[in-house]
Amino acid sequence: MSGIDYRELKRGGVMRQEREDRFLVRLHLVAGTLDGAQARAVAEAAERFGSGALHLTSRQGIEIPDVPSGALVALKAFLAARGIGFGVCGPTVRGVVACQGRGVCPNGVIETLNLAGDLDRTFFGAPAPHKFKIGISGCANNCLKAEENDLGVKGWVEPRWSGEGCTGCGLCLTVCPTKAVRAGADGGPGGIERARCIGCGDCITACPSGSMVERVRGHRIFVGGKLGRAPSLGRPLAAVLTRPEEVTAAVAEALEFFRLQGKPRERFGDTLRRVGIEALEVHLGALQGKSA
Amino acid sequence: MSVLVDITRDACPMTTAKVGMALAGLGSTGTLEIRLTQGALTNVIAAVKAQGHRVAAVGRDGGHFVLQVTAGGGGGAAAPAAGCG
Ligand code: SF4
Ligand code: SF4
Ligand code: SF4
(Lines give C-alpha, C1' and ligand atoms only; values in the text may rest on other atoms or scores of the structure.)
(Ligands and ions follow the chains in the order given, each with its own letter.)
Protein backbone atom coordinates (compact mmCIF):
# COMPACT_ATOMS: atom_id res chain seq x y z
CA MET A 1 0.00 0.00 0.00
CA SER A 2 2.90 2.36 0.68
CA GLY A 3 4.03 4.64 -2.12
CA ILE A 4 0.49 5.22 -3.45
CA ASP A 5 -0.30 8.86 -4.15
CA TYR A 6 -3.95 9.03 -3.10
CA ARG A 7 -4.47 12.52 -4.50
CA GLU A 8 -3.13 11.47 -7.90
CA LEU A 9 -5.33 8.38 -7.80
CA LYS A 10 -8.36 10.47 -6.88
CA ARG A 11 -7.88 12.75 -9.88
CA GLY A 12 -8.02 9.62 -11.96
CA GLY A 13 -11.41 8.48 -10.66
CA VAL A 14 -10.09 6.21 -7.90
CA MET A 15 -11.61 6.67 -4.47
CA ARG A 16 -10.52 5.07 -1.22
CA GLN A 17 -13.17 2.90 0.40
CA GLU A 18 -14.06 2.48 4.04
CA ARG A 19 -12.42 -0.93 3.99
CA GLU A 20 -8.62 -0.97 4.17
CA ASP A 21 -6.88 -1.25 0.77
CA ARG A 22 -10.04 -1.34 -1.31
CA PHE A 23 -10.78 1.27 -3.95
CA LEU A 24 -13.83 2.37 -5.86
CA VAL A 25 -13.00 2.99 -9.52
CA ARG A 26 -15.17 5.38 -11.50
CA LEU A 27 -15.25 4.78 -15.24
CA HIS A 28 -15.44 7.48 -17.87
CA LEU A 29 -18.65 7.09 -19.87
CA VAL A 30 -20.16 9.67 -22.20
CA ALA A 31 -23.95 10.02 -22.03
CA GLY A 32 -24.08 6.65 -20.25
CA THR A 33 -23.29 4.85 -23.49
CA LEU A 34 -21.36 1.59 -23.95
CA ASP A 35 -21.35 -0.89 -26.80
CA GLY A 36 -21.91 -4.58 -26.09
CA ALA A 37 -18.22 -5.49 -26.12
CA GLN A 38 -17.44 -2.67 -23.68
CA ALA A 39 -20.29 -3.72 -21.39
CA ARG A 40 -18.94 -7.25 -21.35
CA ALA A 41 -15.42 -5.92 -20.67
CA VAL A 42 -16.67 -3.85 -17.73
CA ALA A 43 -18.42 -6.92 -16.29
CA GLU A 44 -15.28 -8.99 -16.75
CA ALA A 45 -13.13 -6.26 -15.18
CA ALA A 46 -15.36 -6.21 -12.09
CA GLU A 47 -14.99 -9.98 -11.75
CA ARG A 48 -11.23 -10.05 -12.37
CA PHE A 49 -10.13 -6.99 -10.43
CA GLY A 50 -12.96 -6.26 -7.97
CA SER A 51 -15.57 -8.33 -6.13
CA GLY A 52 -17.71 -8.82 -9.23
CA ALA A 53 -20.10 -6.02 -8.27
CA LEU A 54 -20.85 -2.91 -10.36
CA HIS A 55 -22.51 0.27 -9.19
CA LEU A 56 -24.55 2.55 -11.49
CA THR A 57 -24.14 6.19 -10.46
CA SER A 58 -26.74 8.94 -10.56
CA ARG A 59 -24.85 10.51 -13.49
CA GLN A 60 -25.05 7.66 -15.98
CA GLY A 61 -21.71 6.29 -14.82
CA ILE A 62 -20.40 2.94 -13.67
CA GLU A 63 -18.18 2.36 -10.65
CA ILE A 64 -16.28 -0.82 -9.86
CA PRO A 65 -15.94 -1.27 -6.08
CA ASP A 66 -13.55 -3.40 -4.03
CA VAL A 67 -10.42 -3.12 -6.20
CA PRO A 68 -7.20 -3.66 -4.17
CA SER A 69 -4.42 -1.09 -4.73
CA GLY A 70 -2.20 -3.70 -6.34
CA ALA A 71 -4.77 -4.28 -9.11
CA LEU A 72 -5.39 -0.64 -10.09
CA VAL A 73 -2.72 -0.39 -12.77
CA ALA A 74 -3.77 -3.70 -14.38
CA LEU A 75 -7.45 -2.68 -14.27
CA LYS A 76 -6.65 0.63 -15.97
CA ALA A 77 -4.71 -1.13 -18.74
CA PHE A 78 -7.42 -3.80 -19.18
CA LEU A 79 -10.13 -1.17 -19.70
CA ALA A 80 -7.97 1.18 -21.78
CA ALA A 81 -7.44 -1.63 -24.29
CA ARG A 82 -11.23 -1.66 -24.73
CA GLY A 83 -11.57 2.09 -25.09
CA ILE A 84 -12.75 2.83 -21.55
CA GLY A 85 -10.86 5.25 -19.35
CA PHE A 86 -11.10 6.06 -15.66
CA GLY A 87 -13.31 8.96 -14.63
CA VAL A 88 -12.21 12.08 -12.84
CA CYS A 89 -12.76 13.59 -9.41
CA GLY A 90 -11.75 16.91 -7.89
CA PRO A 91 -11.91 20.36 -9.49
CA THR A 92 -12.41 19.29 -13.10
CA VAL A 93 -15.00 19.00 -15.83
CA ARG A 94 -16.79 15.68 -15.30
CA GLY A 95 -18.07 13.20 -17.88
CA VAL A 96 -20.89 14.70 -19.94
CA VAL A 97 -24.36 13.24 -19.41
CA ALA A 98 -27.24 13.35 -21.88
CA CYS A 99 -30.63 11.86 -22.67
CA GLN A 100 -31.10 10.02 -25.97
CA GLY A 101 -32.39 13.12 -27.74
CA ARG A 102 -33.43 13.55 -31.36
CA GLY A 103 -32.77 10.53 -33.53
CA VAL A 104 -33.88 8.16 -30.77
CA CYS A 105 -36.57 9.94 -28.76
CA PRO A 106 -39.56 11.17 -30.80
CA ASN A 107 -39.76 14.28 -28.61
CA GLY A 108 -36.16 15.29 -29.22
CA VAL A 109 -35.70 18.87 -30.40
CA ILE A 110 -31.90 18.68 -30.51
CA GLU A 111 -29.41 15.91 -31.16
CA THR A 112 -27.78 15.11 -27.82
CA LEU A 113 -25.42 12.13 -28.14
CA ASN A 114 -23.01 13.62 -30.70
CA LEU A 115 -23.11 16.91 -28.81
CA ALA A 116 -22.24 15.08 -25.58
CA GLY A 117 -19.36 13.39 -27.41
CA ASP A 118 -18.07 16.71 -28.75
CA LEU A 119 -18.30 18.46 -25.38
CA ASP A 120 -16.71 15.51 -23.59
CA ARG A 121 -13.81 15.29 -26.07
CA THR A 122 -13.20 19.02 -25.71
CA PHE A 123 -13.66 19.54 -21.98
CA PHE A 124 -13.52 16.26 -20.01
CA GLY A 125 -10.97 16.50 -17.21
CA ALA A 126 -10.22 20.18 -17.88
CA PRO A 127 -9.34 22.09 -14.71
CA ALA A 128 -11.86 24.44 -13.10
CA PRO A 129 -12.13 26.15 -9.70
CA HIS A 130 -14.46 23.35 -8.56
CA LYS A 131 -16.19 20.33 -10.08
CA PHE A 132 -18.03 21.26 -13.26
CA LYS A 133 -20.92 19.13 -14.50
CA ILE A 134 -22.45 19.32 -17.96
CA GLY A 135 -25.79 17.72 -18.84
CA ILE A 136 -27.94 17.75 -21.98
CA SER A 137 -31.72 17.28 -22.31
CA GLY A 138 -33.16 16.92 -25.80
CA CYS A 139 -36.37 18.86 -25.10
CA ALA A 140 -38.41 20.71 -22.51
CA ASN A 141 -39.44 17.40 -20.91
CA ASN A 142 -35.95 17.64 -19.47
CA CYS A 143 -35.38 13.99 -18.59
CA LEU A 144 -31.70 14.74 -18.00
CA LYS A 145 -32.48 17.67 -15.66
CA ALA A 146 -30.42 20.42 -17.33
CA GLU A 147 -30.88 22.82 -14.39
CA GLU A 148 -29.09 20.43 -11.99
CA ASN A 149 -25.82 20.99 -13.82
CA ASP A 150 -23.17 23.67 -13.59
CA LEU A 151 -23.92 24.01 -17.28
CA GLY A 152 -27.05 22.43 -18.72
CA VAL A 153 -28.23 22.38 -22.32
CA LYS A 154 -31.88 21.89 -23.26
CA GLY A 155 -33.62 21.50 -26.61
CA TRP A 156 -35.82 24.58 -27.03
CA VAL A 157 -38.59 25.70 -29.40
CA GLU A 158 -40.14 29.14 -29.11
CA PRO A 159 -43.26 30.33 -30.92
CA ARG A 160 -44.25 33.40 -32.86
CA TRP A 161 -47.87 34.16 -33.68
CA SER A 162 -48.13 34.92 -37.38
CA GLY A 163 -51.84 35.70 -37.21
CA GLU A 164 -52.34 34.11 -40.62
CA GLY A 165 -55.38 31.82 -40.66
CA CYS A 166 -55.97 32.13 -36.91
CA THR A 167 -59.51 31.06 -36.05
CA GLY A 168 -59.40 32.25 -32.46
CA CYS A 169 -59.94 28.69 -31.22
CA GLY A 170 -57.83 29.40 -28.14
CA LEU A 171 -56.03 26.04 -28.09
CA CYS A 172 -52.62 27.74 -27.89
CA LEU A 173 -53.78 29.40 -24.65
CA THR A 174 -55.27 26.16 -23.37
CA VAL A 175 -52.23 23.95 -23.89
CA CYS A 176 -49.51 26.37 -22.78
CA PRO A 177 -48.31 24.92 -19.46
CA THR A 178 -47.01 28.23 -18.13
CA LYS A 179 -49.64 30.68 -19.40
CA ALA A 180 -46.98 32.34 -21.51
CA VAL A 181 -49.55 32.83 -24.28
CA ARG A 182 -51.62 35.86 -23.30
CA ALA A 183 -55.28 36.07 -24.25
CA GLY A 184 -56.23 38.49 -27.01
CA ALA A 185 -59.56 40.17 -27.65
CA ASP A 186 -61.05 37.57 -30.04
CA GLY A 187 -60.27 34.26 -28.28
CA GLY A 188 -56.88 34.02 -29.94
CA PRO A 189 -53.48 34.95 -28.54
CA GLY A 190 -52.67 38.54 -27.64
CA GLY A 191 -48.94 37.96 -27.30
CA ILE A 192 -46.30 35.65 -25.90
CA GLU A 193 -44.40 36.40 -22.70
CA ARG A 194 -40.94 35.14 -23.45
CA ALA A 195 -39.87 35.14 -19.79
CA ARG A 196 -42.58 32.58 -19.00
CA CYS A 197 -42.03 30.38 -22.05
CA ILE A 198 -40.35 27.04 -21.32
CA GLY A 199 -39.63 26.29 -24.98
CA CYS A 200 -41.88 23.23 -25.20
CA GLY A 201 -43.44 24.13 -28.55
CA ASP A 202 -46.84 22.77 -27.44
CA CYS A 203 -48.68 25.85 -28.69
CA ILE A 204 -47.17 25.31 -32.15
CA THR A 205 -48.03 21.61 -32.15
CA ALA A 206 -51.60 22.21 -30.98
CA CYS A 207 -52.42 25.13 -33.29
CA PRO A 208 -54.81 23.63 -35.88
CA SER A 209 -54.33 26.40 -38.42
CA GLY A 210 -50.55 26.78 -38.48
CA SER A 211 -50.79 30.37 -37.22
CA MET A 212 -48.45 29.66 -34.33
CA VAL A 213 -45.06 29.12 -35.94
CA GLU A 214 -41.53 28.47 -34.76
CA ARG A 215 -39.59 31.64 -33.98
CA VAL A 216 -36.48 29.77 -32.98
CA ARG A 217 -35.40 26.15 -32.41
CA GLY A 218 -32.13 25.18 -30.81
CA HIS A 219 -30.15 24.89 -27.60
CA ARG A 220 -30.89 26.90 -24.46
CA ILE A 221 -28.10 27.03 -21.91
CA PHE A 222 -28.66 26.99 -18.15
CA VAL A 223 -25.86 28.00 -15.82
CA GLY A 224 -25.02 27.57 -12.17
CA GLY A 225 -27.10 24.56 -11.18
CA LYS A 226 -26.02 22.05 -8.54
CA LEU A 227 -27.41 19.59 -6.06
CA GLY A 228 -25.36 18.35 -3.12
CA ARG A 229 -25.51 20.08 0.26
CA ALA A 230 -27.02 23.35 -0.89
CA PRO A 231 -29.02 22.68 -4.05
CA SER A 232 -29.90 25.43 -6.49
CA LEU A 233 -31.23 25.39 -10.03
CA GLY A 234 -29.42 26.67 -13.08
CA ARG A 235 -30.71 29.82 -14.73
CA PRO A 236 -31.18 30.27 -18.47
CA LEU A 237 -28.95 32.47 -20.58
CA ALA A 238 -30.81 34.74 -22.96
CA ALA A 239 -29.84 33.27 -26.31
CA VAL A 240 -31.12 30.16 -28.04
CA LEU A 241 -28.12 28.80 -29.95
CA THR A 242 -29.10 27.14 -33.19
CA ARG A 243 -25.93 25.18 -34.00
CA PRO A 244 -24.03 22.67 -31.80
CA GLU A 245 -20.72 24.44 -32.58
CA GLU A 246 -22.12 27.53 -30.90
CA VAL A 247 -22.81 25.44 -27.80
CA THR A 248 -19.20 24.18 -27.71
CA ALA A 249 -17.97 27.76 -28.07
CA ALA A 250 -20.32 28.95 -25.32
CA VAL A 251 -19.12 26.21 -22.95
CA ALA A 252 -15.50 27.19 -23.64
CA GLU A 253 -16.31 30.82 -22.85
CA ALA A 254 -18.29 29.93 -19.72
CA LEU A 255 -15.41 27.81 -18.44
CA GLU A 256 -12.92 30.60 -19.15
CA PHE A 257 -15.18 33.00 -17.26
CA PHE A 258 -15.37 30.54 -14.34
CA ARG A 259 -11.57 30.18 -14.25
CA LEU A 260 -11.16 33.97 -14.27
CA GLN A 261 -13.88 34.81 -11.75
CA GLY A 262 -14.28 31.70 -9.60
CA LYS A 263 -12.54 31.23 -6.27
CA PRO A 264 -10.99 27.86 -5.46
CA ARG A 265 -13.67 25.38 -4.29
CA GLU A 266 -16.48 27.69 -5.35
CA ARG A 267 -19.17 26.14 -7.57
CA PHE A 268 -20.11 28.00 -10.76
CA GLY A 269 -23.53 28.96 -9.38
CA ASP A 270 -21.94 30.57 -6.32
CA THR A 271 -19.52 32.51 -8.53
CA LEU A 272 -22.46 33.72 -10.63
CA ARG A 273 -24.39 34.75 -7.52
CA ARG A 274 -21.35 36.70 -6.33
CA VAL A 275 -20.42 38.47 -9.59
CA GLY A 276 -23.84 38.46 -11.28
CA ILE A 277 -25.08 36.35 -14.18
CA GLU A 278 -25.06 39.57 -16.25
CA ALA A 279 -21.24 39.54 -16.13
CA LEU A 280 -21.30 36.14 -17.82
CA GLU A 281 -23.79 37.39 -20.42
CA VAL A 282 -21.38 40.27 -21.15
CA HIS A 283 -18.45 37.83 -21.40
CA LEU A 284 -20.49 35.75 -23.85
CA GLY A 285 -21.63 38.87 -25.68
CA ALA A 286 -20.12 38.08 -29.06
CA LEU A 287 -21.75 34.65 -29.07
CA GLN A 288 -25.11 35.86 -27.83
CA GLY A 289 -25.38 38.29 -30.73
CA LYS A 290 -25.49 35.49 -33.28
CA SER A 291 -28.74 33.82 -32.33
CA ALA A 292 -32.31 34.36 -31.31
CA MET B 1 -71.02 10.71 -42.11
CA SER B 2 -68.67 11.76 -39.36
CA VAL B 3 -67.19 9.05 -37.14
CA LEU B 4 -66.99 9.84 -33.42
CA VAL B 5 -64.11 8.74 -31.28
CA ASP B 6 -64.39 9.43 -27.57
CA ILE B 7 -61.08 9.18 -25.70
CA THR B 8 -62.07 11.19 -22.65
CA ARG B 9 -61.80 8.08 -20.45
CA ASP B 10 -58.52 6.85 -21.91
CA ALA B 11 -54.98 7.51 -20.78
CA CYS B 12 -51.81 7.82 -22.85
CA PRO B 13 -50.85 5.81 -24.89
CA MET B 14 -54.42 4.49 -25.52
CA THR B 15 -55.54 8.00 -26.52
CA THR B 16 -53.16 8.27 -29.47
CA ALA B 17 -53.53 4.56 -30.29
CA LYS B 18 -57.33 4.89 -30.68
CA VAL B 19 -56.99 8.11 -32.64
CA GLY B 20 -54.33 6.50 -34.83
CA MET B 21 -56.68 3.61 -35.69
CA ALA B 22 -59.54 5.99 -36.44
CA LEU B 23 -57.29 8.15 -38.63
CA ALA B 24 -56.10 5.08 -40.52
CA GLY B 25 -59.72 4.35 -41.42
CA LEU B 26 -60.43 7.92 -42.49
CA GLY B 27 -59.56 7.51 -46.17
CA SER B 28 -58.97 10.59 -48.27
CA THR B 29 -62.34 12.33 -47.91
CA GLY B 30 -63.79 11.33 -44.53
CA THR B 31 -64.31 13.36 -41.40
CA LEU B 32 -63.74 12.39 -37.82
CA GLU B 33 -64.92 13.89 -34.55
CA ILE B 34 -62.62 13.37 -31.57
CA ARG B 35 -63.86 14.02 -28.05
CA LEU B 36 -60.95 14.42 -25.66
CA THR B 37 -59.63 15.97 -22.47
CA GLN B 38 -57.40 19.02 -22.33
CA GLY B 39 -54.40 16.87 -21.37
CA ALA B 40 -54.62 14.86 -24.59
CA LEU B 41 -54.92 17.88 -26.94
CA THR B 42 -51.27 18.36 -27.92
CA ASN B 43 -50.48 14.69 -28.56
CA VAL B 44 -53.69 14.03 -30.47
CA ILE B 45 -53.35 17.11 -32.67
CA ALA B 46 -49.71 16.18 -33.32
CA ALA B 47 -50.88 12.72 -34.45
CA VAL B 48 -53.59 14.21 -36.71
CA LYS B 49 -51.09 16.57 -38.35
CA ALA B 50 -48.38 13.93 -38.65
CA GLN B 51 -50.76 11.77 -40.71
CA GLY B 52 -51.46 14.67 -43.04
CA HIS B 53 -54.99 15.49 -41.81
CA ARG B 54 -56.44 18.77 -40.65
CA VAL B 55 -58.26 19.97 -37.54
CA ALA B 56 -61.03 21.95 -39.22
CA ALA B 57 -62.81 23.14 -36.08
CA VAL B 58 -62.45 23.07 -32.32
CA GLY B 59 -65.44 22.89 -30.04
CA ARG B 60 -65.92 22.70 -26.29
CA ASP B 61 -68.36 20.36 -24.60
CA GLY B 62 -68.56 20.76 -20.87
CA GLY B 63 -65.03 20.26 -19.62
CA HIS B 64 -64.00 18.42 -22.79
CA PHE B 65 -62.88 19.38 -26.27
CA VAL B 66 -64.24 18.21 -29.62
CA LEU B 67 -61.99 18.29 -32.67
CA GLN B 68 -63.51 18.09 -36.15
CA VAL B 69 -60.90 16.38 -38.31
CA THR B 70 -61.01 16.49 -42.10
CA ALA B 71 -58.98 14.00 -44.12
CA GLY B 72 -56.01 15.40 -46.00
CA GLY B 73 -54.94 19.03 -46.20
CA GLY B 74 -52.79 18.86 -43.09
CA GLY B 75 -49.41 20.36 -42.54
CA GLY B 76 -47.56 17.04 -42.51
CA ALA B 77 -44.54 16.72 -40.29
CA ALA B 78 -44.03 20.41 -39.47
CA ALA B 79 -45.12 20.15 -35.86
CA PRO B 80 -42.69 19.05 -33.18
CA ALA B 81 -43.69 15.76 -31.60
CA ALA B 82 -45.15 15.90 -28.12
CA GLY B 83 -44.90 13.14 -25.56
CA CYS B 84 -45.82 12.00 -22.12
CA GLY B 85 -42.87 13.85 -20.60
S1 SF4 C 1 -35.65 15.17 -22.54
FE2 SF4 C 1 -36.99 15.08 -24.32
S3 SF4 C 1 -35.68 14.26 -25.93
FE4 SF4 C 1 -34.68 13.76 -24.00
S5 SF4 C 1 -35.46 11.69 -23.49
FE6 SF4 C 1 -36.75 13.21 -22.45
S7 SF4 C 1 -38.49 13.47 -23.83
FE8 SF4 C 1 -36.83 12.55 -25.04
S1 SF4 D 1 -43.58 27.03 -26.34
FE2 SF4 D 1 -44.64 26.06 -24.60
S3 SF4 D 1 -44.30 27.46 -22.89
FE4 SF4 D 1 -43.74 28.58 -24.75
S5 SF4 D 1 -45.58 29.72 -25.27
FE6 SF4 D 1 -45.69 27.78 -26.38
S7 SF4 D 1 -46.80 26.35 -25.08
FE8 SF4 D 1 -46.21 28.10 -23.83
S1 SF4 E 1 -54.27 27.71 -31.58
FE2 SF4 E 1 -53.73 28.70 -33.52
S3 SF4 E 1 -55.71 29.10 -34.50
FE4 SF4 E 1 -56.14 28.67 -32.34
S5 SF4 E 1 -56.14 30.71 -31.36
FE6 SF4 E 1 -54.06 29.90 -31.15
S7 SF4 E 1 -52.97 30.72 -32.96
FE8 SF4 E 1 -55.16 30.96 -33.37
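The structure under discussion appears in the preceding block.
Heads up: these notes are all about the structure in this document. Residue numbers run consecutively from 1 along every chain, following the written order of its sequence. Working convention: letters from A go to chains and numbers from 1 go to ligands, in the order in which they are written. Only residues with pLDDT of at least 70 are given local features in this predicted model, and only at 80 or more are side-chain atom pairs given and counted; all residues enter the totals for whole chains, interfaces and linings. Neither water nor hydrogens contribute to the side-chain values; these are computed over all heavy atoms in the structure.

What follows deals with the interface of chain A and chain B. The partner chain B presents 18 residues to the 17 residues of chain A that form the contact. Together, the buried faces of chain A and chain B total about 1,400 Å²; carbon and sulfur atoms form 58% of this surface. Simply put, the buried area is the total loss of 1.4 Å probe accessible area from both parts when two parts are fitted together. The largest share of the area that chain A buries against chain B comes from A:Leu171, A:Thr174 and A:Thr205, three residues that together contribute 37% of it. By definition, a salt bridge exists where a carboxyl oxygen of Asp or Glu is found within 4 Å of a side-chain nitrogen of Lys or Arg. The tally of links between chain A and chain B comes to 0 salt bridges. Any pair of nitrogen or oxygen atoms within 3.5 Å is treated as a polar contact; in protein, a donor-acceptor pairing is required on top of that, and neighbouring residues in sequence qualify only through side-chain atoms on both sides. Between the two partners, chain A and chain B, sit 6 residue pairs in polar contact (both at pLDDT 80 or more). We call two residues in contact when some of their heavy atoms are within 4.5 Å.

Residue and element names in this part refer to chain A. Any residue with at least one heavy atom within 4 Å of a molecule or strand is counted as near it. Taken together, 13 residues form the shell around ligand 2, and within it Cys176, Cys197, Cys200, Gly201 and Cys203 come nearest. Elements are defined by DSSP. Helices are runs of H or I of four residues or more, strands are runs of E of two residues or more, and each kind is numbered from the N terminus. Counting only elements with at least two residues in the shell around ligand 2, the list comes to β8 (151-161) and α6 (202-206). Taken together, the residues of the shell around ligand 2 break down into 10 nonpolar, 2 polar and 1 charged. Classes in brief: Ala, Val, Leu, Ile, Met, Phe, Trp, Tyr, Cys and Pro nonpolar; Asp, Glu, Lys and Arg charged; the others, Gly included, polar.

Right, let's get into the pairing of strand β4 (residues 62-67) of chain A. All names here are of chain A. Throughout, exposure labels follow a simple rule: accessible area from a 1.4 Å probe, protein chains only, divided by the maximum for the residue type, with under 20% read as buried, over 50% as exposed, and the rest as partly exposed. Burial analysis of β4 places 5 of its 6 residues in the buried class, the great majority of the element. For two strands to count as paired, DSSP must find a minimum of two bridges between them. Summarising the sheet, strand β2 (residues 23-28) and β4 pair through 3 bridges and their orientation is antiparallel. Within the sheet, the bridge partner assigned to Val25 lies in β4 and is Ile64. Two strands pair when backbone bridges link them, and strand β3 (residues 55-56) and β4 are joined in this way by 2 bridges, in the antiparallel orientation. When the bridges of β4 are listed, Leu56 appears paired with Ile62. Between β3 and β4, which pair antiparallel in sequence order, lie 5 residues; one of them, Gln60, sits at a positive phi of approximately 60°.

Residues and elements named next belong to chain A. Pairing in this open sheet of 5 strands is mixed, and the strands run β6-β7-β8-β11-β12 from one edge to the other. In this open sheet, the two strands that pair with only one neighbour each are β6 (97-98) and β12 (235-241). Relative to β8, strand β7 (residues 134-137) runs parallel, the two sharing 4 bridges. Its bridge partner lying in β8, Ile134 is registered against Leu151. To get an axis, a line is fitted to the C-alpha atoms, and for a helix only the part in contact is used. The angle between two axes follows their N-to-C directions and goes from 0 to 180 degrees. Those strands touched by helix α4 (residues 113-123) are β6, β7, β8 and β11 (212-223), and its axis lies near 165° from that of β7. Sheet contacts for helix α7 (residues 244-261): β7, β8, β11 and β12; angle to β11, the most-contacted strand, approximately 30°.

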